[in-house]
Amino acid sequence: MKKYRALIAAGTLVVALSACSAGGQQPGNTSADGLKGKTISFIPGVSGDSFYISMECGVRSEAEKHGLKVDMQAPQQFDPSLQTPIVNAAVAKAPAAMLIAPTDANALVSPLTQAKADGVTIGLVDTTLANDSLAVTSVSTDNEAGGAAAADALAKLIGDKGKVLVIAFKAGASTSDARQKGFEEQIKKHPDVQYVGAQINDNDPAKAASIVSATLAAHPDLKGIFATNQFAAEGAATGLRNAGAQGKVQIVGFDAGPVQVQQLRQGTVQALIAQKPAEIGVQAVKNVVASLTGGTVEKNVGTDTVTVTMDNITTPEIEGMLYKTKCS
Ligand code: T6T
């Protein structure tokens, strides 16, 4: 129990470290009343992902307070070539603002440069861009700190000794890259933990399962896996079950989707690094509204993570952090 209190404390520290962005003033030219009936375009990374559904709940509830409509359009896969035409189509409808989770830090710079040139106020949610000056606000988890928390959690679970693997969900997505980096930096502080490297599953659970099978064949003494998002973690757990290695290998997964929570309850997964997607949505709407109406805009907003385990999953605080598949 004590060890998990420490994990929660680490997650709480993430809040303190990440929620310290500087304020700034943006020139707005619309009155609060003038915003009523206008539309915010919301473009998450992929459709059907409980992380983005939970974020949508936050976006919709805050938008409603300002009389704004929300037009959500999501790509079928976490892929910039599918997300770019959605951005272009949304810009053509001249929304008051656009909230977007770019699926690639570089590939979305060009369409979003055009969106800005066409007068759209942009807010980044979750992921970011190589050039984040295109956006008035950027709201996300401190993903490097989350990756570091995962490293400490996994090291503890394996008794600070043995081989560990990272399954990175998408190279070029800022969140995947930052979580991997945070993990890799932190795991160096555990000298008896041997890092066997990162493999990419392209946001595909089946690919994560195959990565686990192949890694177990090459390293039968594998002790732990850090999966950098929901679909990497779900697939990693399936791979372990298929190999009959459930419980012999410990899994720490980013996110807290329904399948992940079930896998935690079944004992295939030992810890989840839960983000606060609804809060990201609320903060992003607040800041684009402030930008449009001449209010004070927070350019960088950090939200915290909490480490979820079987020891704390039934507490009301943690229950409230588990991701939703629909808004209540
Ligand atoms: O981990 C989240 C999100 O932060 C990431 O950018 C993409 O994957 C998720 O949506 C979980 O599936």
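Asker: What exactly am I supposed to notice about the state of the cysteines here?
Answerer: By definition, a disulfide links the sulfur atoms of two cysteines through a covalent bond. Here the structure, examined in full by the defined rule, presents one disulfide. Covalently, Cys57 is tied to Cys327 through a disulfide, its sulfur atoms 2.2 Å apart. When the S-S torsion is -95 degrees, as for the bridge of Cys57 with Cys327, the disulfide is left-handed. With a gap of 270 residues between them, Cys57 in helix α3 (residues 50–65) and Cys327 in the segment after α12 (316–319) connect regions that are remote in the sequence. Look at Cys57 and you get buried, because its relative accessible area is 13%.

Asker: Could you clarify how one ought to interpret the packing of helix α4 (residues 80–92) against helix α5 (residues 109–117) in this entry?
Answerer: When two helices pack together, their arrangement is given by the angle between their axes and by how far apart the axes lie. Interhelical geometry of α4 versus α5 gives an angle of 5 degrees and a closest axis separation of 10 Å. Accordingly, the angle class assigned to the pair α4 and α5 is roughly parallel. On α5, the residues touching Thr84, Val87, Asn88 and Val91 of α4 are Pro111, Leu112 and Ala115. Class assignment for the residues of the contact of α4 with α5 results in five nonpolar, two polar and no charged.

Asker: Explain the domain arrangement of the protein here, please?
Answerer: Interfaces are often sized by the accessible area lost when the parts come together. Each assigned domain of the protein is listed here: domain 1 (30–141 + 277–302) and domain 2 (143–274). Averaged C-alpha coordinates put domain 1 and domain 2 at centres separated by 30 Å. Every contact between the two is made by 13 residues of domain 1 and, on the other side, 16 residues of domain 2. For the domain 1 face of the interface with domain 2, the top three residues by lost area are Ser50, Phe78 and Thr141, together amounting to 44%. Summed over the shared surface of domain 1 and domain 2, the number is zero salt bridges. Every element with two or more residues in the side of domain 1 that touches domain 2 is listed here: α3 and β6 (137–141). In the side of domain 1 that touches domain 2, the residues fall into four nonpolar, six polar and three charged.

Asker: Looking at this structure, how should I read the site of the ligand?
Answerer: In the vicinity of the ligand, 14 residues are found, and the nearest of them are Asp49, Asp126, Thr175, Arg179 and Asp255. Within the side chain of Asn229, a nitrogen or oxygen atom sits 2.9 Å from an oxygen atom of the ligand. Gln230 places a polar side-chain atom, nitrogen or oxygen, 3.4 Å from an oxygen atom of the ligand. Computed on the free molecule, the ligand has an accessible area of 300 Å², of which 100% lies beneath the protein chains in the complex. Looking at the shell around the ligand, the elements that each hand over two or more residues are α3, α7 (174–187) and α9 (230–242). Residues of the shell around the ligand, tallied by class, amount to five nonpolar, five polar and four charged. Looking at which domains feed residues into the shell around the ligand, each of domain 1 (30–141 + 277–302) and domain 2 (143–274) gives three or more.

Asker: Explanation requested: the nonpolar core in the structure shown.
Answerer: In a soluble, globular protein the nonpolar side chains are often hidden away together inside. Counting 58 residues, the largest nonpolar core has Met55, Leu99, Val125, Ile167, Ile225 and Leu240 as its most contacted members. For this core, the leading source of residues is helix α11 (residues 277–293), giving six residues. When residues of this core are sorted by domain, at least three fall in each of domain 1 (30–141 + 277–302) and domain 2 (143–274). Filtering out sequence-adjacent residues up to four positions away, Ile167 remains in contact with Gln199, Asn201, Ala208, Ile211, Val212, Ile225, Phe226, Ala227, Thr228, Ala232 and Ala236. Ala149, Val164, Val166 and Val193 belong to the second-largest nonpolar core, a separate cluster that totals 18 residues.

Asker: Is there a simple way to explain helix α6 (residues 143–157) in this structure?
Answerer: Along an α-helix, a turn takes 3.6 residues, which lines up residues three or four apart on a common side. Over its 15 residues, α6 extends 21 Å from the first C-alpha to the last, a length consistent with the 21 Å expected when each residue adds 1.5 Å. With respect to burial, α6 is a largely interior element, twelve of its 15 residues being buried. For α6, the full list of buried residues reads Asn143, Ala145, Gly146, Gly147, Ala148, Ala149, Ala150, Ala151, Ala153, Leu154, Ala155 and Leu157. Looking at where α6 begins, the residue whose side-chain oxygen comes 3.4 Å from the main-chain nitrogen of Glu144 is Asp142. Remark: Gly159 follows α6 within two positions and exhibits a positive phi of approximately 70 degrees.

Asker: Can you walk me through unusual backbone geometry in this structure?
Answerer: Unusually for a residue other than glycine, Asp126 sits at a positive phi of about 70 degrees. In this fold, Asp126 is placed in the loop between β5 (121–125) and β6. Of note in the backbone geometry, Asp255 takes a positive phi value of approximately 85 degrees without being a glycine. One can find Asp255 in the loop between β10 (250–254) and α10 (258–266).

Asker: What am I meant to see in the packing of aromatic side chains here?
Answerer: What describes a pair of aromatic rings is the distance from one ring centre to the other and the angle between the planes of the rings. Scanning the entire structure with this criterion turns up six aromatic pairs. For the ring pair Phe226 and Phe254, a centre distance of 6.4 Å and an interplane angle of 55 degrees mean the geometry is tilted. Residue Phe226 is found in strand β9 (residues 222–227), and its partner Phe254 is found in strand β10; the two are separated by 28 residues along the sequence. Neither residue differs from the other here; Phe226 and Phe254 are each classed as buried.

Asker: Explanation requested: the sheet that holds β9 in the structure shown.
Answerer: Pairing is mixed across the open sheet formed by six strands, whose spatial order is β8-β7-β9-β10-β11-β14. A single partner strand is all that each edge strand has here, and the edge strands are β8 (193–200) and β14 (306–308). For this sheet the average axis-to-axis angle between neighbouring strands, irrespective of direction, equals 20 degrees. For strand β11 (residues 271–274) and β14, the ladder comprises three bridges, and the chain directions are antiparallel. Residue pairing in the sheet places Ile273 in a bridge with Thr307 of β14. Along the sheet face, α10 touches β10, β11 and β14 and points at about 150 degrees away from the line of β11.

The rules behind each value
- Sequence order as written defines residue numbering, which begins from 1 separately in each chain.
- Two thresholds apply to this predicted model, a pLDDT of at least 70 for residue-level local features and 80 or more for giving and counting side-chain atom pairs, whereas whole-chain, interface and lining totals are computed over all residues.
- With hydrogens and water stripped out, all remaining heavy atoms of the structure feed into the side-chain values.
- Defined by distance alone, a disulfide is two cysteine sulfur atoms within 2.5 Å.
- Counting from the N terminus, the helices are the DSSP runs of H or I reaching at least four residues and the strands are the DSSP runs of E reaching at least two.
- When a residue's accessible area, from a 1.4 Å probe over protein chains only, is under 20% of the maximum for its type it is buried; when over 50% it is exposed; and in between it is partly exposed.
- Under this scheme, a helix contributes an axis fitted over its contacting stretch, all axes are lines through C-alpha atoms, and angles between N-to-C directions fall in the 0 to 180 degree range.
- Orientation labels follow simple angle bins: below 35 degrees gives roughly parallel, above 145 gives roughly antiparallel, 65 to 115 gives roughly perpendicular, and whatever is left gives oblique.
- Any two residues whose heavy atoms approach within 4.5 Å are treated as being in contact.
- Side-chain classes are defined by residue name, with Ala, Val, Leu, Ile, Met, Phe, Trp, Tyr, Cys and Pro counting as nonpolar, Asp, Glu, Lys and Arg as charged, and the others, Gly among them, as polar.
- In this entry, domain limits derive from an automatic or database-based domain assignment.
- The term buried area denotes the loss of accessible surface (1.4 Å probe radius) that occurs when two parts are joined, taken as the sum for both partners.
- By definition here, a salt bridge exists when the distance from a side-chain nitrogen of Lys or Arg to a carboxyl oxygen of Asp or Glu is within 4 Å.
- One heavy atom suffices: a residue is near a molecule or strand as soon as one of its heavy atoms comes within 4 Å of it.
- The definition of a polar contact used here is a pair of N or O atoms within 3.5 Å, where within protein one atom must be able to donate a hydrogen and the other to accept one, and adjacent residues in sequence count solely through side-chain atom pairs.
- All accessible-area figures derive from a Shrake-Rupley calculation using a 1.4 Å probe, and residue coverage is judged against the displayed protein chains alone.
- Put simply, a nonpolar core is a bunch of buried Ala, Val, Leu, Ile, Met, Phe, Trp, Tyr and Cys residues held in one set by side-chain atoms that sit within 4.5 Å of each other.
- Multiply 1.5 Å by the residue count of a helix minus one, and that product is the helix's expected span.
- Within 6.5 Å between ring centres, the rings of Phe, Tyr and Trp (the latter by its six-membered ring) count as paired, and their orientation is classed by plane angle as stacked under 30 degrees, edge-to-face over 60, tilted in between.
- At least two bridges found by DSSP between two strands is the condition for calling them paired.

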